Amino acid sequence: MQKKFRKAMFITFRRYYLDLFLDQNKKLYHGMVIDIGGKKKNKRGSFSPPKDTTLRWIYLNGNNNADVIADACILPLMTGCGDVIVACELFEHLSDPSGALKEIARITRPGGKIVFSMPFLYAIHADPGDFVRWTKQKIEKEFNQAGFSIGSILPMGGFFAVVYDMMNMYLLKNPKRHSMPAFIMKKLLHLTRPAIRYLEHRTAWTMEHFTTGYFVIADKRYY
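The following paragraphs examine the structure supplied in this document. Please read all numbers here as calculations on a predicted model, not as lab measurements. (Residues numbered from 1 in each chain as written. Predicted model: local features only at pLDDT ≥ 70, side-chain atom pairs only at ≥ 80, totals over all residues. Heavy atoms only, no water.)

**Here's the deal with the pairing of strand 4 (residues 82-88)**
Here is step 1 of the chain: Where burial is concerned, most of strand 4 is hidden: 7 out of the 7 residues are buried.
Here is step 2 of the chain: Where strand 4 and strand 5 (residues 108-119) come together, 6 bridges link them in parallel fashion. In the strand pairing of strand 5, C88 is matched with S117.
Here is step 3 of the chain: Viewed along the sheet, the connection from strand 4 through helix 3 (residues 97-107) into strand 5 turns out right-handed. (Buried < 20%, exposed > 50% of the residue type's maximum accessible area, 1.4 Å probe, protein only. Helix = DSSP H or I, 4+ residues; strand = E, 2+ residues; numbered from the N terminus. Pairing = 2+ DSSP bridges. Right-handed = clockwise from strand over helix to strand, strands pointing away.)

Here it is, written out as C-alpha cells:
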C-alpha cells in the first residue's frame, strides 16, 4: 500500500493525459502496430494495448527489452509494413528527430496512422539524452514535410498542469528528497491533485500558451 501511494504521488499530469488520450483512441489500433520507443515490460503508464483488434503489436527500442532492437532513424523494417505507428515520449530523446519522422513515414502504409506525443514545458529528463522540444507549429511543419496529414494536436494540460509537474519533478530530483520536509511536501502536493484538475477545467484557455506537451494523431498521405 505504501509503495502504491508513493508511486501515485509522482504520477505527473503529463502521464495522466497521455494514458487518457491513448485509452480514448484505442479504436485506432489495428493490424500491425509498431511501438517505437515503447516498453514491453515495466511500463511507465497504465495504458494496455488492445489485443482483440490488432494483428501484432511490435515493440522497437534500443535495448534488449524489445521485439526489434534498432535506432529510430534506421528502422530495419519493410516500407509500408505498419498500419499504426506509436511514437510516444520518444522524439525529445533523439538527436535527429526530423530524420526519424521521415523513416517512420517510410514504414507506415499509405492511409496508416501515427500516434505521437512529445513534451514541451516539461523538465529535462535524460533517457539517456534529452535534446529537443517542438511547438505546435513545428510539429505541423515537420509532419507535413514527412508526408503526414495531421488529424488532431491535443495540448496535454495547461498552466496549472505545468506548475504541478515542475514541482513534482523538483521534489523527485531534490538531493534532500528523502528528508521529512520533502516527504511532507510530496504528500501536500499529491493532495492538491483534485484542485489542479478543477483549475485545469476552469482555465482551459491557458493550453494555448502553456502546456506540458502535445498528443498527435496523423495519417500517412497517399501521395
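**Focus on the packing of aromatic side chains**
Here is step 1 of the chain: Applying the stated criterion across every chain, the model contains 15 aromatic pairs.
Here is step 2 of the chain: With 5.0 Å between their ring centres and 85° between their planes, F13 and Y164 make a pair best called edge-to-face. Taken together, the positions of F13 in helix 2 (residues 13-24) and Y164 in helix 5 (residues 159-173) put the pair 151 residues apart, joining distant regions of the chain.
Here is step 3 of the chain: Accessibility expressed as a relative area gives 1% for F13, which makes it buried.
Here is step 4 of the chain: Exposure remark for Y164: the relative accessible area of 2% places this residue in the buried category.
Here is step 5 of the chain: Measuring from centroid to centroid gives 5.7 Å for Y29 and F47, while their planes differ by 55°, and the two rings are tilted. Pair noted here: Y29 is in the loop between helix 2 and strand 1 (31-36) and F47 is in the loop between strand 1 and strand 2 (54-61), with a separation of 18 residues, a long-range link. No difference in accessibility class separates Y29 from F47, as the two residues are buried.
Here is step 6 of the chain: Clustering of aromatic rings is evident, with ring pairs tying together F13, Y16, Y17, F21, Y164 and F215.
Here is step 7 of the chain: Seen from the ring of F13, R193 lies directly overhead, with NZ or CZ sitting 4.6 Å from the centre. (Phe/Tyr/Trp six-rings, centres within 6.5 Å; stacked < 30°, edge-to-face > 60°. Lys NZ or Arg CZ within 6 Å of the ring centre and 35° of its normal.)

**Observations concerning the sheet that holds strand 1**
Here is step 1 of the chain: In spatial order, the strands read 3-2-1-4-5-7-6; together these 7 strands make up an open sheet with mixed pairing. Of all the strands in the sheet, just strand 3 (68-69) and strand 6 (148-155) have a single pairing partner and so form its edges.
Here is step 2 of the chain: Pairing geometry for strand 5 and strand 7 (residues 213-220), over 7 bridges, is antiparallel. Residue pairing for strand 7: P119 is matched across the bridge by G213.

**Quick look at the side chain of D35**
Here is step 1 of the chain: Secondary-structure assignment places D35 in strand 1.
Here is step 2 of the chain: Judged by its relative accessible area of 10%, D35 falls in the buried class.
Here is step 3 of the chain: Leave out the neighbours within four places in its chain, and D35 touches W57, I58, Y59, L60 and V86. (Contact = heavy atoms within 4.5 Å.)

**Regarding unusual backbone geometry**
Here is step 1 of the chain: Here the residue pair D127 and P128 is connected by a cis peptide bond, since its omega of 0° sits within 30 degrees of zero.
Here is step 2 of the chain: The topology assignment puts P128 in the loop between strand 5 and helix 4 (136-146).
Here is step 3 of the chain: Unlike most non-glycine residues, E89 shows phi in positive territory, near 55°.
Here is step 4 of the chain: Topologically, E89 is positioned in the loop between strand 4 and helix 3.

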